Amino acid sequence: MALISLEDLDGLDDEQLDNDITDNPEPMEEDDRLLRHWQAVASTHQVSVPPEMTGPIQEMTRNSQQKEQVPFAIVSRHEKMGEVQYEERVYPAGNWACVTRGEELYEQSISMAFMKLMRFICKDNSAGRYLGMTVPVVSNILMMEDGKTFQKDVQTAYFLPAEFQSNPPLPSDPDITIVHQEPIRIIARPFFGTTTEETVTRQIEQLWEIVGMSDDLRRDSYMVAVYENPGVPSRRNEIWFVRRHL
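To start, this report covers the structure provided alongside it.

The rules we used
Residues numbered from 1 in each chain as written. Predicted model: local features only at pLDDT ≥ 70, side-chain atom pairs only at ≥ 80, totals over all residues. Heavy atoms only, no water. Helix = DSSP H or I, 4+ residues; strand = E, 2+ residues; numbered from the N terminus. Buried < 20%, exposed > 50% of the residue type's maximum accessible area, 1.4 Å probe, protein only. 1 Å grid on protein atoms, 1.4 Å probe; cavity = no way out; pocket = protein on both sides within 12 Å on 5 of 7 lines; lining within 4 Å. Points joined across faces, edges and corners; volume = space filled by probe spheres on them. Nonpolar A, V, L, I, M, F, W, Y, C, P; charged D, E, K, R; others polar.

**Digging into unusual backbone geometry**
Here's step 1: Between Val135 and Pro136 the backbone carries a cis peptide bond, its omega angle lying at 5 degrees.
Here's step 2: The topology assignment puts Pro136 in the loop between β5 (133-135) and β6 (137-143).
Here's step 3: With phi around 55 degrees, Met81 is a residue other than glycine that occupies positive phi space.
Here's step 4: For Met81, the location among the structural elements is in the loop between β2 (73-80) and β3 (83-91).
Here's step 5: Phi is positive for Lys123, which is not a glycine, with a value near 85 degrees.
Here's step 6: By the secondary structure assignment, Lys123 is in the loop between α4 (106-121) and β5.
Here's step 7: Classification of Lys123 as partly exposed rests on a relative accessible area of 43%.

Below, the structure is given as structure tokens:
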């Protein structure tokens, strides 16, 4: 996911934050330090983090080690020389909070969407409370007719924690919709590092080389699942191919 997302949360330790402000000798409050760190990270993808994000950033940083896994069942696992090539899974039906953005860059779309989701997770909802983080956060990419170029609109989705699945809190932001997704069967291949349009495109090409041609796999859309902090040199992500049938 883009560089301002749940990926930013785990690495906000004191040493990193101190390094971000070494050019400013004036003492800073902790919330200012966190905001400054996020702004520095986001600027690398031409995204600005407004001051009103301070509260959600603080809340999610405090709870960064508490993440609920989106449930799934493994259908099969394919390995080569001890390395996982891909895994086939079924994800059950469930409620997701979704935001669609169409910025100039893929990274910007995901970043802007996740800022909205952060505010929803951190009390900007009808429950009036912190909802809790789930992983992965998933981005749905639609392809142009050439099958190689990303469409501008990218949907970023956050799976509601189990506590809220039966009665989803309503978002205050009209750009966020609660969507009940039907079960899906996917092929997931892990990759490590950044998630830009360039790196994701490369992962799509590599997975097609591994699985070969299949009419049952969709070519008009792909999904990117993000699990970890961008401060981790080889952070974990996955590229998902979606089967047409369960």
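**Some words on the layout of surface pockets**
Here's step 1: Size it by volume and the largest pocket reaches roughly 360 Å³.
Here's step 2: Residue lining of the largest pocket: 18 residues in total, with Asn140, Gln181, Ile184, Met223 and Val242 positioned closest to the centre.
Here's step 3: Listed by contribution, the elements that provide at least two residues to the lining of the largest pocket are β6, β7 (150-159), β10 (221-226) and β11 (236-242).
Here's step 4: At three residues, the largest contribution of residues to the lining of the largest pocket is made by β6.
Here's step 5: Its residues assigned to classes, the lining of the largest pocket shows 10 nonpolar, four polar and four charged.
Here's step 6: Within this model, the second largest pocket holds a volume of roughly 160 Å³.
Here's step 7: Element by element, the count of residues in the lining of the second largest pocket is highest for helix α5 (residues 197-211), at four residues.
Here's step 8: A breakdown of the residues in the lining of the second largest pocket according to their chemical character gives five nonpolar, two polar and three charged.

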